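Examination of the molecular architecture
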Amino acid sequence: MKSSYLLLTAIFTIVCISSCGNENAVAVPDEVLIYNEPGLVDSAAITSCYDYTRSHFLKDTFSIWGYNKLKVEFESFTTSDRAMISFVEFSNSVNNRILYVKSNNDINSTHSFEINVPAEPTWYELRLFLSPRVCGENEFKFIRARDLKIYGIK
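Anyway, here's the lowdown on the structure attached to this text. What you see is a predicted model, and the numbers here were worked out from it, not measured in a lab.

Rules of the game
- Residues numbered from 1 in each chain as written.
- Predicted model: local features only at pLDDT ≥ 70, side-chain atom pairs only at ≥ 80, totals over all residues.
- Heavy atoms only, no water.
- Patch = residues over 30% accessible without salt bridge, like charges linked within 9 Å, V, L, I, M, F, W, Y side chains within 5 Å.
- Areas by Shrake-Rupley, 256 points an atom, 1.4 Å probe, with all protein chains shown as cover.
- Salt bridge = Lys/Arg side-chain N within 4 Å of Asp/Glu carboxyl O.
- Helix = DSSP H or I, 4+ residues; strand = E, 2+ residues; numbered from the N terminus.
- Contact = heavy atoms within 4.5 Å.
- Polar contact = N/O pair within 3.5 Å; in protein donor to acceptor, adjacent residues only side chain to side chain.
- Pairing = 2+ DSSP bridges.
- Axes fitted to C-alpha atoms, helices over the stretch in contact; angles between N-to-C directions.

1. A look at a nonpolar patch on the surface
A contiguous nonpolar surface patch, about 240 Å² in accessible area, is contributed by Met84, Ile98 and Val101. Among the secondary structure elements, Val101 is positioned in strand β5 (residues 97-103).

2. A word on the environment of Tyr100
Its place among the elements puts Tyr100 in strand β5. Sequence separation of Tyr100 and Glu89 is 11 residues, and the distance between their C-alpha atoms is 9.7 Å. With near-sequence residues (within four places) excluded, Tyr100 lies in contact with Phe74, Ile85, Ser86, Phe87, His111 and Phe113. Here His111 takes part through its side chain, which lies 2.8 Å from a polar atom of the side chain of Tyr100.

3. Remarks on the sheet that holds strand β2 (residues 52-57)
Ordered by their spatial adjacency, four strands build an open sheet running β2-β7-β4-β5, and the pairing between neighbours is antiparallel. Two strands close off the open sheet at either side, each with one partner strand: β2 and β5. In this sheet, neighbouring strand axes are inclined to one another by 20° on average, regardless of whether the strands run parallel or antiparallel. With six bridges joining them, strand β4 (residues 83-91) and β5 adopt antiparallel strand pairing.

Functional significance is not addressed by these values, which are geometric in nature.
So this is what it looks like as structure tokens:
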């Protein structure tokens, strides 16, 4: 009877140890949150028929050095029939490079995209644009961006 318990314990131990292998491990990018702006990041609103651009420059309080890519995430919404949201890069050698852009129906969602880290000091802008085709007296059109996060990926 003791040998049955001993044999059963040995088999159980062997099965547990052999099932703990890493053969099926999936490599996950090493993402580190390096910039976080929770809540409302920026918004633009108009009550007439004209173009309006609002630029939100990201605070330069985060370092991108040591990362190969950046992953940018934010949520946006608009009530305008013609709007655009873009993520723009500036540096000493590059001016106004649009890295990501969505317009009209593609704005009302959560956005997530990756960009390569440049070799020189860079700053970024989240740009909101309104240009309603349909408007009238007392019309109110807006666009907003919320919960901006930037992750560094090694």
